[in-house]
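A look at the structure
So you can see what is in the structure, the chains are spelled out below.
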Amino acid sequence: MTTSYPTSLFSSNLEFTGENQYGGALSIAGCSAEKLVKEYGSPIFVLDQDDFFLRTKAWQAALNESFGSGKLYYAAKSFICVEVAKWLKELKVGLDVCTGGELAVALAADFPVSDIEFHGNNKSEAEITTAVKNGVGTIVIDSFDELSRVVKIASDLRKVQKVYLRLTPGVDAHTHEFISTAHEDVKFGFSIASGDAQIAIDKCMTETSLNLAGIHCHIGSQIFEVSGFELAAQRLVAVLVAFRDKYSKELAELNLGGGYGIAYTKNESAISPAQVIPAIAKVIKSECEKAKLSVPKISIEPGRAIVGPTTTTIYVVGTTKSVTLENGAKRRYVSVDGGMSENIRPALYGATYSAFLANRNSSANAISSRIVGKHCESGDILISEINMPEDVKAGDLLAIPATGAYGRSMASNYNHMPRPSVIAVINGTAREILRRENEDDLLNLDVIQAPRQLS
Ligand code: LLP
């Protein structure tokens, strides 16, 4: 059996009636963009629920095919809300959270706590206490300070906490510096090369309030080359072998994190589960066989590869203007009703996206255009350079696909912009799963308080 995987780069149920390369009248899972905007306003994130389920199942299927089983954890940081946590519960996959806030969403969704993994390089005492008290399945320890903190909290609560150690295998993932996480000079984890990983393992083994069940690494995000994952797997298996040799027993679990790259424009391609998981499995199985080690229970934590392609942002065009560049060429600015507050990725990482007309098609000449937001910054650019029909005008809808990961989850209120809603669509029906903020939500934070002496 081969893994079925949505081959579509963007949400599988994206359809443009009368489509040409610049777009058409868009519907997603049978819901028209125009009607969605009429009902819910703009900008909106439209999440294709079937596509989300399909992609989640594809990663799980790839694990099952390559390893016989394996645990899939969805990385909540890419996008989470209570409804999505409920979908994941229904899909019987685990959840990777990395703050008390993400944990609170999981708890509010009544997500099975034993299927939660708690990450983060600076978990507070309060966060660890909440996690241990609630029975969170695995805490992934990231530093020596945290190790002591977990020991103290678990023993005070008279619990034995299952933990992993996050290790840095010294792999230089080829991605943006800000999202590359496993070379030596990073804030995350215990370095294998420096010996810190071994010291942390030895320390865990002396602590009766910890059950060290496995090791973890995450080499970075938006990665397309299989080789980085293979090298990390090889280095982590070497740690498992050293553990077995020292302690005469095996550490049973190995978590290889997330980071699988997706396409943001039609010229790019994604790394598929059918491509990367068998490659990782091959390395792990051969390294284990060489060392006569049992193949550990494998888990992975994709976020972007699941939710990224499922979601499309729809904007309304507000203004356009043309400028003449120094070389005499013309550029047209198309301003939409959002910007860097609901998609910081172009400004932060130089990320590229594509945009399509979403309310009609156009056969007008295409001209060089720049899609910008409404924030008071010149850097508020969503797409630096794209050919769009020259008749794009105020009132038109623009769709930017593949915005499901790290869009809404990294959204800010810059310029006091309320964050957009997320609408789930399926079989011609739509429902809001995260409502739009309003000005009252923002004003609710303002406090009028008399000055007082601190005690
Ligand atoms: N596991 C761990 C421990 C992580 O730190 C991350 C992402 C993931 C899993 C999921 O990675 P994914 O499969 O989604 O690539 N804001 C950046 C991405 C930051 C990723 C942080 N960690 C962006 O917008 O590209």
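Residues numbered from 1 in each chain as written. Predicted model: local features only at pLDDT ≥ 70, side-chain atom pairs only at ≥ 80, totals over all residues. Heavy atoms only, no water.

- The protein is annotated in an unreviewed UniProt entry as Diaminopimelate decarboxylase from Candidatus Nanopelagicus limnae.
- On record in UniProt, under Sequence similarities (unreviewed entry), the comment for the protein is "Belongs to the Orn/Lys/Arg decarboxylase class-II family. LysA subfamily."
- Looking at the Subunit (unreviewed entry) heading of the UniProt record, one finds this comment for the protein: "Homodimer." (UniProt positions renumbered as here; feature names shortened; annotations may be inferred.)

Section: the overall build of the protein
- In terms of regular secondary structure, the protein is built from 12 helices and 21 strands.
- Taking the principal axes of its C-alpha atoms as reference, the protein extends roughly 70 × 65 × 45 Å.
- The buried share of the protein, reckoned over its 455 residues, is 54%.
- Across the protein, the fraction of contacts at a sequence separation of at least 24, relative to all contacts at a separation of at least 6, is 70%.
- Element-wise, carbon and sulfur atoms account for 50% of the exposed surface of the protein, whose accessible area totals about 19700 Å².
- If you average the places of the 45 positive and of the 52 negative side-chain charges in the protein, the two averages end up 3 Å apart. (Helix = DSSP H or I, 4+ residues; strand = E, 2+ residues; numbered from the N terminus. Buried < 20%, exposed > 50% of the residue type's maximum accessible area, 1.4 Å probe, protein only. Contact = heavy atoms within 4.5 Å. Areas by Shrake-Rupley, 256 points an atom, 1.4 Å probe, with all protein chains shown as cover. Lys, Arg positive; Asp, Glu negative; His and termini not counted. Charge placed at Lys NZ, Arg CZ, Asp CG, Glu CD.)

Observations concerning the UniProt feature "modified residue: N6-(pyridoxal phosphate)lysine" (unreviewed entry) in the protein
- The UniProt record marks Lys 77 with the feature "modified residue: N6-(pyridoxal phosphate)lysine" (unreviewed entry), using the residue numbering of this structure.
- For Lys 77, the location among the structural elements is in the loop between β5 (71–75) and α3 (82–90).
- Sequence-distant contacts of Lys 77, that is, excluding residues within four places in its chain, are made with Asp 96, Cys 98, Glu 102, Tyr 406 and Ser 409.

Things to note about the site of the ligand
- Close to the ligand lie 19 residues; Ser 221, Glu 301, Arg 345, Tyr 349 and Tyr 406 are nearest.
- Contact distances for the ligand include 2.3 Å between an oxygen atom and a side-chain N or O atom of Ser 221.
- Within the complex, the protein chains bury 92% of what would otherwise be the 590 Å² of accessible surface of the ligand.
- Its residues assigned to classes, the shell around the ligand shows six nonpolar, seven polar and six charged.
- Shared between two domains, the shell around the ligand holds at least three residues of each, these being domain 1 (2–47 + 309–439) and domain 2 (49–308). (Near = heavy atom within 4 Å. Polar contact = N/O pair within 3.5 Å; in protein donor to acceptor, adjacent residues only side chain to side chain. Nonpolar A, V, L, I, M, F, W, Y, C, P; charged D, E, K, R; others polar. Domains from an automatic or database assignment.)

Here we look at unusual backbone geometry
- Of the consecutive residues Ser 42 and Pro 43, the connecting peptide bond is found in the cis state with omega at -5°.
- Within the element layout of this structure, Pro 43 appears in the loop between α1 (33–40) and β4 (44–48).
- Backbone geometry places Lys 92, a non-glycine residue, at a positive phi of 60°.
- Tracing the backbone through its elements, the reader meets Lys 92 in the loop between α3 and β6 (94–97).

Here's the deal with the pairing of β4
- Extensive coverage of β4 is indicated by the burial of five of its five residues.
- Both faces of β4 are covered, namely the face carrying Ile 44, Val 46 and Asp 48 and the face carrying Phe 45 and Leu 47.

A look at the pairing of strand β8 (residues 138–141)
- On β8, burial covers both faces: Thr 138 and Val 140 on one face and Ile 139 and Ile 141 on the other are all buried.
- In this structure, strand β7 (residues 116–118) lies alongside β8, joined through two bridges in parallel fashion. Residue Phe 118 lies in a different strand from β8, and its bridge partner there is Ile 139.
- As judged from the three bridges shared by β8 and strand β9 (residues 161–168), these two strands associate in the parallel manner. Bridge pairing links Ile 139 to Val 163 in β9.
- Crossover handedness for the path β8 to helix α6 (residues 144–156) to β9: right-handed. (Pairing = 2+ DSSP bridges. Right-handed = clockwise from strand over helix to strand, strands pointing away.)

Observations concerning the environment of Phe 118
- Tracing the chain through its elements places Phe 118 in strand β7.
- What makes Phe 118 buried here is its relative accessible area of 0%.

Re the domain arrangement of the protein
- According to the domain assignment, the protein consists of domain 1 (2–47 + 309–439) and domain 2 (49–308).
- Using C-alpha coordinates to define each centre, domain 1 is positioned 32 Å away from domain 2.
- Between domain 1 and domain 2, the contact holds 38 residues from the first and 37 residues from the second.
- In this assembly, domain 1 packs against domain 2 so that about 3300 Å² is buried in total across both faces, 60% of it on carbon and sulfur atoms.
- With a closest N to O distance of 3.1 Å, Glu 83 and Arg 431 form a salt bridge.
- Between domain 1 and domain 2 we count 15 residue pairs in polar contact (both at pLDDT 80 or more) in total.
- When contributions to the side of domain 1 that touches domain 2 are tallied by element, the ones reaching two or more residues are α11 (345–349), β20 (421–426) and β21 (429–434).
- The element best represented in the side of domain 1 that touches domain 2 is β20, accounting for four residues. (Buried area = accessible area lost by both parts, 1.4 Å probe. Salt bridge = Lys/Arg side-chain N within 4 Å of Asp/Glu carboxyl O.)

Observations concerning the nonpolar core
- Judged by nonpolar contacts, the single largest core of 127 residues is most densely connected at Phe 52, Tyr 74, Val 84, Tyr 260, Ile 284 and Ile 371.
- Sorting elements by how many residues they give to this core places helix α8 (residues 226–247) first, with 10 residues.
- Looking at which domains feed residues into this core, each of domain 1 (2–47 + 309–439) and domain 2 (49–308) gives three or more.
- With near-sequence residues (within four places) excluded, Ile 284 lies in contact with Phe 67, Ala 233, Val 237, Leu 254, Leu 256, Val 295, Pro 296 and Ile 298. (Core = buried A, V, L, I, M, F, W, Y, C linked by side-chain atoms within 4.5 Å.)

Notes on the UniProt feature "binding site: pyridoxal 5'-phosphate" (unreviewed entry) in the protein
- UniProt records the feature "binding site: pyridoxal 5'-phosphate" (unreviewed entry) for Gly 259, Glu 301, Pro 302, Gly 303, Arg 304 and Tyr 406 in the present numbering.
- Those residues in contact with Gly 259 that lie beyond four places of it in its chain are His 218, Gly 220, Ser 221, Gln 222, Ile 223 and Phe 229.
- Among the secondary structure elements, Gly 303 is positioned in the loop between β13 (297–300) and α10 (304–307).
- By relative accessible area, Gly 303 is classed as buried at 5%.
- In contact with Gly 303, other than residues within four places in its own chain, are Tyr 74, Ala 75, Ser 78 and Gly 308.

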